[in-house]
Amino acid sequence: MISKEHIIKRFTSYVTIDTQSDPNSDTTPSTKKQWDLANKLAEELKAIGMQDVTIDDNAYIMATLPSNVSHNVPTIGFISHFDTSPDFTGANVKPQIIKNYHGGDIVLNKEENIILSPDYFEDLKQYIGQTLITTDGTTLLGADDKAGICEIISAMEYLINHPEIKHGKIRVGFTPDEEIGRGAHKFDVEKFAADWAYTMDGSQIGELEYENFNAASAVVTIKGKIVHPGYAKGKMINSMYIATEFINSLPRIETPEHTEEYQGFFHLHTINGDVEQTKLQYIIRDHDKGHFEARKEVMQKLTNELNSQYEREVITTEIKDQYFNMREKIEPVMHIVDIAEEAMKQLNIEPLIKAIRGGTDGSQLSYMGLPCPNIFAGGHNFHGRYEYVPVESMIKATEVICKIAELTALKEKTT
Ligand SMILES: [Zn+2]
């Protein structure tokens, strides 16, 4: 099977290239340095023997592994992103290899006393005896989602070297800027031309996800009236007090810190204000479409109610949909989840099927016509210095990709 050394070498060659994305940039990719890895990946895909390798003006990479069977098999795709989160630096990543993990504290950085401890990160305990890749405590690792890229390329390489494994046509797609919510934006679904795909962008081994939040953003702008405070009686309107009333009128327990699983929320993430004007920025999240719509209505109603107490309109609320729960698009083609689940079971991996409390590129792609559940890539503690990935999980993810390809080839394409 695939060797640990091979995976470590490949993964290290990716994470040592800085590909941090930037939400304040309008270009695609959002940062020039993403090209450094993108160009390398395109070359590597050619080198392992992939066909139709393309890299477009926005750094989206696509490649094909042709079918090796004569019957008609659905075309499937595997997708990952090569950018890393703007939340934490990805420059000068120095991966550390912890062989045969003993189950105790891992000193990431002696000078700065940065420790990765199972007392805090309990998930570590399931990897005793395995090989972990960690940071040196000063950067993120970038297993999100370079682990996914490493797994997809390793799986393609394995299938190319083992023609006895029968599979249909496989498409591979690598995208920039997922971490700033734009990974799917310029993804050419028509060109990709797969019947369905999987993002390899989940966390711990076994994760399989086809439900995510419905998401909207809301900007609430409150306009006050400034008057000299000594002469303000009956004249001043202090926008900050109205803002406080608005905030307190929304249910306090329907917030991220009080919710889990399928519970939705309103999340106030930014306040900027003075007497004259206060701006509140919210995100609204709910798995249930009906509840999601109701949440948006609650905000609008509250806006109208508060406005009715003043002579002029003091509050405007602008709500924008961001993405939707992919469940709606996946349920009609549930066999694509079943194949992934079956692949894991055949590899003795316990499938962990749960709803994502966030979004994925796959949810956007699903609404663009490419049904796209999400599979584990193996890493933990994304977007920070405690990020790590067990090499064994990356090998398992690679095997899952090969097994999905194999199981799909057992299906004759019907449509
Ligand atoms: Zn990711």
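Counting restarts for each chain, with residues numbered from 1 along the sequence as it is written. Thresholds applied to this predicted model are a pLDDT of at least 70 for local features of residues and 80 or more for the giving and counting of side-chain atom pairs; totals over whole chains, interfaces and linings are not thresholded and use all residues.

**A short note on the sheet that holds strand β16 (residues 374-376)**
- Judged by pairing direction, the sheet is mixed, and its eight strands sit side by side in the order β1-β2-β8-β3-β9-β16-β10-β15 without closing on themselves. On the outer flanks of this sheet lie β1 (51-55) and β15 (352-353), each paired with one strand and no other.
- By the bridge criterion, two bridges tie strand β10 (residues 207-209) to β16 in an arrangement that is antiparallel. Counterpart to Glu209 in the pairing with β16 is Asn374.
- Strand contacts of helix α2 (residues 34-47): β1, β2 (61-65) and β8 (170-175), with the helix running at about 175° to β1, the strand carrying the most contacts.
- Residue pairs are scored as contacts if the distance between their C-beta atoms, which are placed from the backbone, is within 7 Å. To obtain an axis, a line is fitted to C-alpha atoms, over the contacting stretch when the element is a helix, and the angle between two such axes runs from 0 to 180 degrees between their N-to-C directions. Each helix is a run of DSSP H or I of at least 4 residues and each strand a run of E of at least 2, with the numbering of both proceeding from the N terminus. Its contacts with the sheet place helix α8 (residues 335-346) against β9 (196-202), β10 and β16, and it is angled at close to 175° to β10. Note on pairing: two strands pair once DSSP finds at least 2 bridges between them.

**Points about the UniProt feature "active site" (unreviewed entry) in the protein**
- Under the local residue numbering, the UniProt record ascribes the feature "active site" (unreviewed entry) to Asp83 and Glu178. Across 96 residues in sequence, these annotated residues keep their C-alpha atoms within 6.7 Å of one another, forming a single compact spot.
- Tracing the backbone through its elements, the reader meets Asp83 in the loop between β3 (76-81) and β4 (96-98).
- For every residue, the other C-beta atoms within 10 Å of its own C-beta are counted; 20 or more classify it as buried, 12 or fewer as exposed, and values in between as partly exposed. C-beta atoms are placed from the backbone. Assessed through the 30 C-beta atoms surrounding it within 10 Å, Asp83 is described here as buried.
- Discounting chain neighbours no more than four positions away, the residues touching Asp83 are Thr19, Gln20, Ser21, Pro29, Gln34, Pro176, Asp177, Glu178 and Glu179. UniProt positions are given in the numbering used here, feature names are shortened, and annotations may be inferred rather than shown by experiment.

**Details of the packing of α8 against helix α10 (residues 391-409)**
- Their axes nearest at 9 Å, the elements α8 and α10 cross at an angle of 120°. On the basis of the axis angle, α8 is oblique to α10. The handedness of the crossing between α8 and α10 comes out as right-handed. Between α8 and α10, the contacting residues are Ile339, Ala340, Glu342, Ala343, Met344 and Gln346 on the first element and Val400, Lys403, Ile404, Leu407 and Thr408 on the second.
- Note on residue classes: Ala, Val, Leu, Ile, Met, Phe, Trp, Tyr, Cys and Pro are nonpolar, Asp, Glu, Lys and Arg are charged, and everything else, Gly too, is polar. Counted by class, the contact of α8 with α10 contains seven nonpolar, two polar and two charged residues. Orientation labels follow simple angle bins: below 35 degrees gives roughly parallel, above 145 gives roughly antiparallel, 65 to 115 gives roughly perpendicular, and whatever is left gives oblique. In this scheme the crossing of two helices becomes right-handed for a clockwise turn of the near helix relative to the far one and left-handed for an anticlockwise turn of less than a right angle.

**Considering the pairing of β8**
- Within β8, six of the six residues are buried, leaving the element largely enclosed by the surrounding structure.
- Residues Ile170, Val172 and Phe174 line one face of β8 and the alternating positions Arg171, Gly173 and Thr175 line the opposite face, and both faces are buried.
- As judged from the five bridges shared by β2 and β8, these two strands associate in the antiparallel manner. In the sheet register, Ala63 faces β8, and the bridge partner there is Val172.

**Considering the sheet that holds strand β12 (residues 265-273)**
- Judged by pairing direction, the sheet is antiparallel, and its four strands sit side by side in the order β12-β13-β11-β14 without closing on themselves. At either end of the open sheet lies a strand with only one pairing partner, and these are β12 and β14 (315-323). For this sheet the average axis-to-axis angle between neighbouring strands, irrespective of direction, equals 15°.
- Pairing of strand β11 (residues 214-223) with strand β13 (residues 277-286), which is carried by 10 bridges, proceeds in the antiparallel orientation.

**Quick notes on the UniProt feature "domain: Peptidase M20 dimerisation" (unreviewed entry) in the protein**
- Look at the UniProt record and you will see "domain: Peptidase M20 dimerisation" (unreviewed entry) annotated at residues 210-312.
- Between the end C-alpha atoms of residues 210-312 the distance is 46 Å, and the span holds 29% helix and 28% strand.

**Notes on helix α5 (residues 239-249)**
- Buried within α5 are the following residues: Ser239, Ile242, Ala243 and Phe246. Relative to the axis of α5, the buried residues are bounded by an arc of 105° and lie together on one face.
- The inward-facing, buried residues of α5 contact β11, β12, β13, α6 (289-307) and β14. Here the arc refers to the set of directions running from the helix axis out to each C-beta atom.

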